[in-house]
Amino acid sequence: MATIPGLLRSRRPSVSFEFFPPKDDEGEAALWEAIRRLERVRPDFVSVTYGAGGSTQDRTIRVTERIAAETTLTPLAHLTCVGASVAQLRQVIGAYAASGVSNILALRGDPPGNVRGAWTPHPEGLDHADQLVALIRSLGDFTIGVAAFPDVHPDSPSLEHDVEVLVRKADAGASFAVTQMVFDADRYLRLRDLVAARRDLPITPGLMPVTNLRQITRMSELMGTPLPESVVSRLEAVGEDASAVREVGVRIATELAERMLAEGAPGLHFITMNRSTATLEVYDNLALDVSS
Ligand SMILES: Cc1cc2nc3c(=O)[nH]c(=O)nc-3n(C[C@H](O)[C@H](O)[C@H](O)COP(=O)(O)OP(=O)(O)OC[C@H]3O[C@@H](n4cnc5c(N)ncnc54)[C@H](O)[C@@H]3O)c2cc1C
């Protein structure tokens, strides 16, 4: 079977979907409905984010293992260094291997409680994602992805530093990267090109069709990445009309996707928020040829 980096290097664009672990039974039902509806597109992989606390981390592991066991989909498990000793990280990685999950997105994570607070590693843990990449690599035959930030990571001094960090992650054993959600195609292309000049590390843009302006404004503040004025003004122009916001959000995501694919992006990683409709609308608009 083709690996994720292999698929990202193939001629056709890859498509992947990101979910988060649901909090309760109702959320779990919505997630599985979205997974079943999105499965028809035959995505190259689907990923499940990793929370900051023990119970949400357990849910990530459970959902990821269930995807591996009960669907036709290839799971990519997110894993962070937050609140974990190296021994605990080894255990999680071992559990993934035992349940057939061999693709891991290696992340540092953010300080729990205040994502923009100062980062303090676990006393027996890891400080940066490149160390987690190296740990996973040392434990078995995993395919390892990492995070990339077209708008520059909020704690990073510069774009050049971010490029160095990606080079370090590649050298530690990462074979692809997925970006934070993109709203400015030029910034994605700028980072992609700077990294491509140094390493062969396919970078897939994250794409989130906006369906709610307040939600996306809050998310972009938490992530420390600004929403471009052009995006905000198009969404604000339709005011509180929920279906019009959705329509504009889908249009913006479609335009961004078309531009990035035309410029050679290896695929699209949809941040679904555990819903399928807007993502499927963008997917259908693109009329991708995924046959080869
Ligand atoms: C696609 C994607 C998926 C994500 N999924 C999750 C998730 O599931 N759960 C979650 O909690 N968070 C998730 N995040 C958020 C991510 O954990 C945070 O953005 C975090 O602040 C950075 O993670 P990182 O892996 O890039 O860390 P790092 O690569 O460790 O970078 C963190 C900071 O340290 C700097 N740095 C990195 N390496 C070094 C080094 N060796 N020496 C000095 N400085 C260094 C970087 O410039 C950056 O400023 C995701 C982000 C993305 C883009």
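Higher on the page you've got the structure.
Here the structure is a predicted model, which is why all the values come from computation and not from measurement.

Draft legend 1. Expanded view of the packing of helix H6 (residues 159-172) against helix H7 (residues 185-196). As a packed pair, H6 and H7 sit with axes 10 Å apart at the nearest point and diverge in direction by 50°. Accordingly, the angle class assigned to the pair H6 and H7 is oblique. The handedness of the crossing between H6 and H7 comes out as right-handed. Between H6 and H7, the residues in contact are Leu159, Val163 and Leu166 and Arg190, Leu191, Leu194 and Val195, respectively. Across the contact of H6 with H7, the residue classes tally to six nonpolar, no polar and one charged.

Draft legend 2. Spotlight on the packing of aromatic side chains. If you walk through the whole model with that rule in mind, you get two aromatic pairs. Summarising the aromatic geometry, the rings of Phe17 and Phe270 are spaced 5.8 Å apart at their centres and angled 45° between planes, so their arrangement reads as tilted. With a gap of 253 residues between them, Phe17 in strand S1 (residues 14-19) and Phe270 in strand S8 (residues 267-271) connect regions that are remote in the sequence. Residues Phe17 and Phe270 agree in their burial class; the two are buried. The ring centre of Trp32 lies 3.9 Å from the NZ or CZ of Arg66, which sits over that ring.

Draft legend 3. Quick peek at the sheet that holds strand S6 (residues 176-181). The parallel closed barrel is built from eight strands, whose spatial order is S1-S2-S3-S4-S5-S6-S7-S8. Geometrically, the sheet is characterised by an average inter-axis angle of 30° between neighbouring strands, direction not taken into account. As paired strands, S6 and strand S7 (residues 203-207) are joined by three bridges and run parallel to one another. Of the residues in S7, the one forming a bridge with Val178 is Thr204. Each of S1, S7 and S8 touches helix H11 (residues 277-286); the most contacted strand, S8, lies at about 160° to it.

Draft legend 4. The arrangement of the packing of H7 against helix H10 (residues 242-262) in detail. The contact between H7 and H10 brings their axes to 10 Å, and the two run at 30°. The orientation of H7 with respect to H10, classified from their angle, is roughly parallel. With respect to the hand of their crossing, H7 and H10 are arranged in right-handed fashion. Seen from H7, the contacting residues are Ala185, Asp186, Tyr188 and Leu189; seen from H10, they are Leu256, Arg259 and Met260.

Draft legend 5. The arrangement of the pattern of salt bridges in detail. For the structure on display, the rule yields 21 salt bridges. Across the pair Arg116 and Asp110 runs a salt bridge, and its minimum N-O distance is 3.5 Å. For Arg116, a relative accessible area of 30% translates into the label partly exposed. Between Glu281 and Arg246 there is a salt bridge whose closest N-O contact spans 2.6 Å. A residue pair is termed long-range when its members are at least 10 positions apart, and Glu281 in helix H11 and Arg246 in helix H10 qualify at 35 residues.

Draft legend 6. Local environment of the pairing of strand S4 (residues 103-107). Counted residue by residue, S4 has five buried out of five residues, so it is predominantly covered. Here S4 shows a buried face lined by Asn103, Leu105 and Leu107 and a second buried face lined by Ile104 and Ala106. Chirality of the crossover, the property in question, places the unit of strand S3 (residues 75-80), helix H4 (residues 86-98) and S4 among those that are right-handed. Of the strand pairs in this sheet, S4 and strand S5 (residues 143-148) are connected by four bridges, and their pairing is parallel. By the bridge assignment, Leu105 is partnered in S5 with Gly145. As for the winding sense of the linkage, the β-α-β connection from S4 through helix H5 (residues 129-139) to S5 is right-handed.

Quick notes on the rules
- Residues numbered from 1 in each chain as written.
- Predicted model: local features only at pLDDT ≥ 70, side-chain atom pairs only at ≥ 80, totals over all residues.
- Heavy atoms only, no water.
- Axes fitted to C-alpha atoms, helices over the stretch in contact; angles between N-to-C directions.
- Helix = DSSP H or I, 4+ residues; strand = E, 2+ residues; numbered from the N terminus.
- Parallel < 35°, antiparallel > 145°, perpendicular 65-115°, else oblique.
- Left-handed = near helix turned anticlockwise from the far one by under 90°.
- Contact = heavy atoms within 4.5 Å.
- Nonpolar A, V, L, I, M, F, W, Y, C, P; charged D, E, K, R; others polar.
- Phe/Tyr/Trp six-rings, centres within 6.5 Å; stacked < 30°, edge-to-face > 60°.
- Buried < 20%, exposed > 50% of the residue type's maximum accessible area, 1.4 Å probe, protein only.
- Lys NZ or Arg CZ within 6 Å of the ring centre and 35° of its normal.
- Pairing = 2+ DSSP bridges.
- Salt bridge = Lys/Arg side-chain N within 4 Å of Asp/Glu carboxyl O.
- Right-handed = clockwise from strand over helix to strand, strands pointing away.

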